[in-house]
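# Descriptive structure summary
The residues making up each chain are set out below.
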Amino acid sequence: MTATTPAGPRPAIALAMGDPAGISPELTAKLLATEAVTDAAALTVFGDRRVLERGAEIGGVTLDIAVVGSVEDAAAAGTGRPVLVDLGNLDPTDVPPATASAIGGAFATDNFRHALRHAAGGKAEAVCFTPFNKQAMRAVNTDYDDESRFVRAELGWSGAAKEFNVLPEVWNARVTSHIPLSQVAAAISREAILAELQFTYDTMRLAGVEAPRIALAALNPHAGDGGNFGREEIEILEPAVADAIAQGLPVDGPWPSDTVFLRARKGQCNAVLTMYHDQGQIAMKMMGFDLGVTLIGGFPFPICTPAHGTAYDIAGQGIADVGASVQALLLASRMALRGRATA
Amino acid sequence: MIDDHAAPLAVSMGEPAGIGPDLILRLFSERKGGEVPPFIVYGNAQFLRERASRLGLSIEIVGARPGAAGVIFPHALPVCDVEGDVPDTPGEPQAGSASVVIEAIAAAVADTRAGACRAVVTAPIHKAALYGAGFSHPGHTEYLAALCATDGVTPLPLMMLAHEDLRVVPATIHVPLHEVPKLITTELLIETGRILSRDLAHRFDIAVPRIAFAGLNPHAGEAGTIGLEDRDIIAPAVAALEEEGIAVQGPFPADTLFYPPHWRQHDAIVAMYHDQALIPIKTVAFDSAVNVTLGLPIVRTSPDHGTAFDLAGTGRGSAASFRAALKLADRMAEAGR
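These figures come from a predicted structure and were not determined experimentally. (Residues numbered from 1 in each chain as written. Chains lettered and ligands numbered in written order. Predicted model: local features only at pLDDT ≥ 70, side-chain atom pairs only at ≥ 80, totals over all residues. Heavy atoms only, no water.)

What follows deals with the pattern of salt bridges. Working definition: two side chains of opposite charge can pair if their charged atoms are close together. The final tally for this structure, using the stated rule, is 31 salt bridges over all chains. For E163 of chain A, the salt bridge identified is with R174 of chain A, shortest N-O distance 2.9 Å. Remark: R174 of chain A occurs in strand 9 (residues 171–174) and E163 of chain A occurs in strand 8 (residues 162–166); sequence separation between them is 11 residues. Across this residue pair, the class does not change: E163 of chain A and R174 of chain A are buried. Residue D111 of chain B is joined to R65 of chain B by a salt bridge in which the shortest nitrogen-to-oxygen separation is 3.2 Å. Taken together, the positions of D111 of chain B in helix 4 (residues 98–113) and R65 of chain B in the loop between strand 3 (61–63) and helix 3 (66–72) put the pair 46 residues apart, joining distant regions of the chain. You can call R65 of chain B partly exposed: its relative accessible area is 48%. In the salt-bridge network here, residues are joined through shared partners; they are D22, R51, R54 and D88 of chain B. (Salt bridge = Lys/Arg side-chain N within 4 Å of Asp/Glu carboxyl O. Helix = DSSP H or I, 4+ residues; strand = E, 2+ residues; numbered from the N terminus. Buried < 20%, exposed > 50% of the residue type's maximum accessible area, 1.4 Å probe, protein only.)

What follows is about the packing of aromatic side chains. The geometry of an aromatic ring pair is captured by the separation of the ring centres together with the interplanar angle, meaning the angle of the planes. Counting across every chain of the model gives 13 aromatic pairs over all chains. Consider the rings of F112 of chain A and F129 of chain A, whose centres lie 4.9 Å apart with planes at 55°: the pair is tilted. Remark: F129 of chain A occurs in strand 7 (residues 126–129) and F112 of chain A occurs in helix 5 (residues 102–120); sequence separation between them is 17 residues. Accessibility assignment for this pair places F112 of chain A and F129 of chain A in one class, buried. Joined through ring pairs, the aromatic side chains of F112, F129, F132, Y144 and F150 of chain A make up one cluster. Taking the ring centre of W255 of chain A as reference, the NZ or CZ of R263 of chain A above it sits at 3.6 Å. Its guanidinium or amino end placed over the ring of F28 of chain B, R31 of chain B lies 3.9 Å from that ring's centre, counting from NZ or CZ. (Phe/Tyr/Trp six-rings, centres within 6.5 Å; stacked < 30°, edge-to-face > 60°. Lys NZ or Arg CZ within 6 Å of the ring centre and 35° of its normal.)

Residues and elements named next belong to chain B. At a minimum axis distance of 10 Å, the contact between helix 1 (residues 20–29) and helix 13 (residues 320–334) shows a crossing angle of 65°. Of the two possible hands of crossing, helix 1 and helix 13 adopt the one that is right-handed. Across the interface between the two elements, G20, L23, I24 and L27 of helix 1 pack against F322, R323 and L326 of helix 13. Along the lines of polarity and charge, the residues of the contact of helix 1 with helix 13 split into 5 nonpolar, 1 polar and 1 charged. (Axes fitted to C-alpha atoms, helices over the stretch in contact; angles between N-to-C directions. Left-handed = near helix turned anticlockwise from the far one by under 90°. Contact = heavy atoms within 4.5 Å. Nonpolar A, V, L, I, M, F, W, Y, C, P; charged D, E, K, R; others polar.)

So, on to the UniProt feature "binding site: substrate" (unreviewed entry) in chain B. Residue and element names in this part refer to chain B. This chain's UniProt record puts "binding site: substrate" (unreviewed entry) on H140, T141, K282, N291 and R300. Inspection of the secondary structure assignment puts N291 in strand 11 (residues 290–294). Taking the relative accessible area as the measure of exposure, N291 reaches 14% and is therefore buried. When sequence neighbours within four positions are dropped, the list of residues in contact with N291 reads M159, M160, L161, R300, T301, S302, P303 and D304. (UniProt positions renumbered as here; feature names shortened; annotations may be inferred.)

All names here are of chain B. For chain B, the assigned domains read domain 1 (9–156 + 296–335) and domain 2 (165–282). On the domain 2 side, the residues contacting the 9 residues of domain 1 number 8 residues. Taking both sides of the interface into account, the surface hidden between domain 1 and domain 2 amounts to around 700 Å²; carbon and sulfur atoms contribute 53%. At the junction of domain 1 with domain 2, the criterion picks out 1 salt bridge. Inspection of the region where domain 1 meets domain 2 yields 4 residue pairs in polar contact (both at pLDDT 80 or more). Of the residues assigned to the side of domain 1 that touches domain 2, the class counts are 8 nonpolar, no polar and 1 charged. (Domains from an automatic or database assignment. Buried area = accessible area lost by both parts, 1.4 Å probe. Polar contact = N/O pair within 3.5 Å; in protein donor to acceptor, adjacent residues only side chain to side chain.)

Residues and elements named next belong to chain A. Here T176 is to be found in the loop between strand 9 and helix 8 (184–187). Note on T176: relative accessible area 5%, which makes it buried. Here the side chain of T176 touches M275 through a polar contact of 2.8 Å, landing on its backbone oxygen. The contact partners of T176, leaving out residues within four places of it in the chain, are V184, A187, I188, M275, Y276 and H277.

Now for the sheet that holds strand 1 (residues 9–12) of chain B. Where strands meet in a sheet, backbone hydrogen bonds hold them as pairs that are either parallel or antiparallel. Residue and element names in this part refer to chain B. Pairing in this open sheet of 12 strands is mixed, and the strands run 3-4-2-1-5-12-11-6-7-10-8-9 from one edge to the other. Edge strands, defined here as strands with exactly one partner in the open sheet, are strand 3 and strand 9 (247–252). When strand polarity is set aside, the average angle formed by the axes of neighbouring strands in this sheet is 30°. Where strand 8 (residues 210–214) meets strand 10 (residues 268–271), 3 bridges bridge the pair, whose relative direction is parallel. Bridge pairing links A212 to I269 in strand 10. (Pairing = 2+ DSSP bridges.)

All names here are of chain A. If you check the domain split of chain A, you get domain 1 (1–159 + 308–343) and domain 2 (169–290). On a C-alpha basis, the centroid separation for the pair domain 1 and domain 2 is 31 Å. The largest share of the area that domain 1 buries against domain 2 comes from H308, M335 and R338, three residues that together contribute 52% of it. Linking domain 1 to domain 2 there are 1 salt bridge. Here R338 makes a salt bridge to E210, at a shortest N to O gap of 3.5 Å. Inspection of the domain 1/domain 2 interface yields 3 residue pairs in polar contact (both at pLDDT 80 or more). The greatest single-element share of the side of domain 1 that touches domain 2, amounting to 7 residues, is contributed by helix 13 (residues 323–342). The residue inventory of the side of domain 1 that touches domain 2, partitioned by class, reads 3 nonpolar, 3 polar and 6 charged.

See below:
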């Protein structure tokens, strides 16, 4: 049976197995057993059969997949079922459980590389992965900062690429990311904000959001309180909003960051651009920890992953919620279809 | 059951041109629901009559001292009258009213310190309107702390935002974000942890308070790879407090710390800056969070909003935070009894 979506054949998505010490193996197995996912995407999974089988056991699911030994055989295995490219790259008994390890980092890195190459070679239209552990990734990749930088280096990509956090009702992008708080104010500029607003708008459109409306979060408490608690709002943020409006972007703000997400809840916007990491992450995780998706946009293909981490505290118990991973796959699928339409 | 003879809460009227008086009058008129503890207002009685009439509220307002407030409250609004000329001009603060606003706060604090009232609940003030009358304190809370000085020593006030079981204390408050890292010191955090632990025990009846510290940097600095403050400033404060026998943990990445299953493991969270504390509170509480001042010899709460000049005198605007401030002050005053 060759399943198709109403819009046409299912997009091809490369799925990399994440950190083996946490919940990633069971999430990968659960994804492959979720009909909404297999209906929406033709999946090629990169990882190790033994790790995946262990994940299926923990997750209490039965796998209906084709297993091939090399990526060259993946296409031929196309029976409509998901295909696992068994890289034979990890014996699950070698993994220290619930611990960030170099062996776990090497496994996740290897799978991610294969998935990226698959997509870069035109054989997949999007890449997804189950959670990585940053410490484990750092153990095997010097200078591993975040996934965007890793992909940038892997693909030799020099264009814009940024991370978004996506909930059903609101998107979150940020001007600065994994930098010390003491460096945030200096990294905020009118140009950076404007570029980020445009990029957010474009990416949302690519994801099928017909009418993006972006609220800009202020940097300082009470949006600076008229300059009493910082002047960045007056000197940088307000001019950036004016620039954006002049470019025709649907943007307002800057709004005090303690209430800007309430605007999204009330439907007054469907995206918030925050100035720094925790400013967006606190509200987003409170509003939808179990549904949040991280999207890396800007590369030739979308990259999606659940926003939560490896959850070492609940690994191996079979209780990990696959909801955010499902949302990640569905968003990737939607974006891939949309990408075809605009290609 | 309400005890008619129990001391009332002392409510300071706040900025007359703001929404505070509206909310006080509205909450008084809904007292029969049983959710509003008896209170006495410190402010100008004639002005309050005019505002009530503007709002179409039929409320009898009688001058009273705290001792009689419990008996009066079921029938009329007891007001400890602060004399002065306070015109009813919603949205337009009057310089001439400033001395009444300032004296009302001082009288409420004095009566509470003397035991005639159980706690102080303050309505929002408009600082700019007070400076002309000689008000020299950086803010409302600092003024209360100064009024609480004992033997010339002013206590260090600590701001807490509370909504049900989520209690958050920002270690720094109204400063530009770029100044925050310089202001976070191990000493400040230790002092914050001490006051918090003590007041959670005394004011919230929590026998062994569990306190968590949020990290300053993303992912709490990831072992020093994203900023050093978490490792070099916050962690030593946590260790020092632990040494003192306080149940304290952290620093934790702020984004996962405020995920409900995580924050529920702690009685209070010390955030490093204003929005790190306010984002989670507002996300959970919408418009019903309460601002609590710890570290004082008296209980003080206030609604978590400003004067809202645009809503003053209109009868609009939510009373949820003010109502929660009254209820929390009532509970805190009862703690430890």
